[in-house]
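Descriptive analysis of the structure
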Amino acid sequence: MRIALIGYGNVGKAFLKLLCKKEEYLKAEGIDIKVNYVVSSKGGVYNPDGINIKELDDFIKTEKDITKYHKGGGSDVSFSTVLKNKDVNTVIETTTTNKETGEPGMTHITLSLESGFNVVVSNKGPIMLAYKKLYGLAKKNNVQLGIGCTTGGALPSINGGIIELAGAEIMSIEGVLNGTTNYILNEMEKGETTYEEALKNAQSLGIAEADPTMDVEGWDTATKLLILTNVLMNKENTLNDIEVEGITSITPKMINEALKQGKKYKLIGKTINKDGEVNMSVRLELLGSEHPLYSVDGKNKSIRYVSNTLGDLIISGGASGLEAAAASVLRDLINIYRGYKYVR
């Protein structure tokens, strides 16, 4: 499998590190993966024989500019180079999510599929905005589109829904889909900690971003819920169809009163499918101990599907963080290598 990695941010870097870490495993499994391109916004690295990932990893420990890499680095290496040369069969798209336009990922994915490349995505934007169109392009060009990283990273939420509930109609989707907000709420439950203090603690541990808006205001949960809804219920809804509230209004008093009742607050993304019409929301909900999502604590995530013929399916756990995101990209990549068809 010959790969072009488009996007050299946190997930892209974590993916390359993971390939180094998994080298012996991949070799033992007979999985041949060669990274021929690493492309950033300022240039990249290209080696038609495959980039030595360990050497590149050593290089970037002291030099952030990959265009200066002595074996194939240059400012002229771009996504256009990949399209021109057509010497890969798979593109990994890890650029930053843009929930308004999906760019530049939308263009990268569209042109890759049209060029006959498999695509594996960590970027939520294009999948949230145009999954049905992108799926159609993949099908038309007889290639695969892996999106497992977009709906919970290591949590196999999308694949679980597609594979394990095949043949059933999903009546509802309900989940704790954001580890950062769940961690903050859990910290507040442990003691007299304000929201602001719990957030600062999460940021100091690297659990929350310096700008945590997407997480704490509910938009990360909303984008994941939208993707799950559109993919698993065959819809074309938008973020405007979701009532979104975050956790910024939570107070220690609210937390303590809930605990006295034996309950916990969780940021829940929920879709209810009734007679083909869906209602979607993201909001703080007060859950009792009988609820299956009550015990999902810390950075953990969980998804609950209710179907008409296969009953309830609950998927919980899954690591959080950059390595977990990279691992979910690798998971899709390996499944495609082994012949699994996400697009049929």
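Numbering of residues starts from 1 in each chain and follows the order in which that chain's sequence is written. Residue-level local features of this predicted model are given only where pLDDT is at least 70; pairs of side-chain atoms are given and counted only at 80 or more, and the full residue set underlies all totals for whole chains, interfaces and linings. The side-chain numbers reported here are obtained from all heavy atoms of the structure, hydrogens and water having been left aside.

Regarding the UniProt feature "binding site: NADPH" (unreviewed entry) in the chain
UniProt positions are given in the numbering used here, feature names are shortened, and annotations may be inferred rather than shown by experiment. In the numbering adopted here, UniProt assigns the feature "binding site: NADPH" (unreviewed entry) to K124. Relative accessibility thresholds used throughout: buried, under 20% of the residue-type maximum; exposed, over 50%; partly exposed, between the two (1.4 Å probe, protein chains only). A residue is classified by how much of its surface remains accessible, and K124, at 16% relative accessible area, is buried. Apart from residues lying up to four places away in sequence, K124 is in contact with T97, T150, D220, T223, K224 and I227. It only takes one pair of heavy atoms within 4.5 Å for two residues to be counted as in contact.

Brief notes about the pattern of salt bridges
Criterion for a salt bridge: a side-chain nitrogen of Lys or Arg within 4 Å of a carboxyl oxygen of Asp or Glu. This structure, assessed with the given rule, holds 18 salt bridges. For K17, the salt bridge identified is with D57, shortest N-O distance 2.9 Å. With K17 in helix α1 (residues 10-21) and D57 in helix α3 (residues 53-60), this pair connects stretches of sequence that are 40 residues apart. Where E29 meets R338, a salt bridge forms, and the shortest distance between an N and an O atom there is 2.9 Å. Here E29 is found in the loop between α2 (23-28) and β2 (34-40), whereas its partner R338 is found in the segment after α13 (322-337), with 309 residues between them in sequence. Among the charged side chains, a network of salt bridges with common partners joins E174, K270, E285, R304 and D312. Here a strand is any run of E in DSSP of at least two residues, a helix any run of H or I of at least four, and the numbering for each starts at the N terminus.

Considering the packing of α1 against α13
It is the contact of α1 with α13, at a shortest axis distance of 8 Å, that shows an interaxial angle of 70°. Taken as axis vectors, α1 and α13 run roughly perpendicular relative to one another. Considering the relative orientation of α1 and α13, their crossing is right-handed. Across the interface between the two elements, N10, V11, A14, F15, L18, L19 and K21 from α1 touch L322, E323, A325, A326, A327, V329, L330 and L333 from α13. Under the convention adopted here, Pro, Cys and the residues Ala, Val, Leu, Ile, Met, Phe, Trp and Tyr are nonpolar, Asp, Glu, Lys and Arg are charged, and Gly plus all remaining residues are polar. Taken together, the residues of the contact of α1 with α13 sort by class into 12 nonpolar, one polar and two charged. Axis definition: a line fitted to C-alpha atoms, over the contacting stretch in the case of helices. Angles run 0 to 180 degrees between N-to-C directions. Between 65 and 115 degrees an angle is taken as roughly perpendicular, under 35 as roughly parallel, over 145 as roughly antiparallel, and anywhere else as oblique. In this scheme the handedness of a crossing depends on how the near helix is turned from the far one: anticlockwise by less than a right angle means left-handed, clockwise means right-handed.

Let's talk about the packing of aromatic side chains
Each aromatic ring pair is characterised by the separation of its centres together with the angle its planes make. Between 30 and 60 degrees the pair is tilted, below 30 it is stacked and above 60 it is edge-to-face, where a pair is any two Phe, Tyr or Trp rings, Trp via its six-membered ring, whose centres lie within 6.5 Å. Scanning the model with the defined rule gives four aromatic pairs in all. Ring centres 4.3 Å apart and planes at 15° place the aromatic pair Y37 and Y46 in the stacked group. Between Y131 and Y135, the ring centres sit 5.8 Å apart and the planes meet at 50°, which makes this aromatic pair tilted. You can see Y131 and its partner Y135 sitting in helix α6 (residues 124-140), four residues apart, about one turn around the helix. Two thresholds decide whether a charge sits over a ring: the Lys NZ or Arg CZ must be within 6 Å of the ring centre and within 35 degrees of the ring normal. Over the face of the ring belonging to Y25 we find K22, whose NZ or CZ atom lies 5.5 Å from the ring centre. Its guanidinium or amino end placed over the ring of Y294, K264 lies 4.6 Å from that ring's centre, counting from NZ or CZ.

Regarding the domain arrangement of the chain
Structurally, the chain comprises domain 1 (2-154 + 322-338) and domain 2 (167-317). How far each domain reaches was decided by an automatic or database domain assignment. Relative to domain 2, the C-alpha centre of domain 1 lies at a distance of 29 Å. As used here, buried area is the combined drop in accessible area, with a 1.4 Å probe, of two parts when they are placed together. Between domain 1 and domain 2, the buried area comes to about 1,200 Å², and carbon and sulfur atoms account for 74% of it. By the criterion of area lost to domain 2, the three top residues of domain 1 are M128, K132 and T151, representing 47% of everything that side buries. Scanning the region where domain 1 abuts domain 2 turns up two salt bridges. Each polar contact in these results corresponds to two N or O atoms within 3.5 Å; when the atoms are within protein, one needs to be able to donate a hydrogen and the other to accept it, and residues that are neighboring in sequence are counted only if both atoms are side-chain atoms. Viewed at the interface, domain 2 and domain 1 are joined by one residue pair in polar contact (both at pLDDT 80 or more). Taken together, the residues of the side of domain 1 that touches domain 2 break down into four nonpolar, three polar and three charged.

With respect to the side chain of T95
Following the sequence through the fold, T95 ends up in the loop between β5 (90-93) and α5 (105-114). Among the polar contacts listed, one links the side chain of T95 to the side chain of E93, at a separation of 2.6 Å. Of note is the side chain of T95, whose polar atom sits 3.1 Å from the side chain of N123. Apart from the residues within four sequence positions on either side, T95 is in contact with I6, G7, P104, G105, H108 and N123.

Focus: α13
What a helix should span is 1.5 Å times the count of its residues minus one. Helix length check: α13 (16 residues) gives 23 Å between terminal C-alpha atoms against 22 Å at 1.5 Å per residue, within 8%. For α13, the full list of buried residues reads A324, A325, A326, S328, V329, L330, D332, L333, I334 and I336. A positive phi of about 100° marks G339, the residue just after α13.

Description of the UniProt feature "active site" (unreviewed entry) in the chain
Residues annotated in UniProt with the feature "active site" (unreviewed entry) correspond here to K224. Positionally, K224 belongs in helix α11 (residues 219-232). In contact with K224, other than residues within four places in its own chain, are K124, T150, T151, G152, L177 and N178.

Some remarks on the sheet that holds strand β12 (residues 301-307)
Here six strands make up an open sheet; going across it, the order is β9-β11-β10-β8-β12-β13 and the pairing mixed. Lying at the two open borders of the sheet, with one neighbouring strand each, are β9 (242-244) and β13 (312-317). Taken over all neighbouring pairs, the strand axes of this sheet differ in orientation by 20° on average, direction set aside. One ladder, built from four bridges, connects strand β8 (residues 170-176) with strand β10 (residues 263-274); its direction is antiparallel. By the bridge assignment, S172 is partnered in β10 with I272. Docked against the sheet, α11 engages β8, β9, β10, β11 (277-288) and β12, running at close to 135° with respect to β11. Being paired, for any two strands, means DSSP has found at least two bridges between them.

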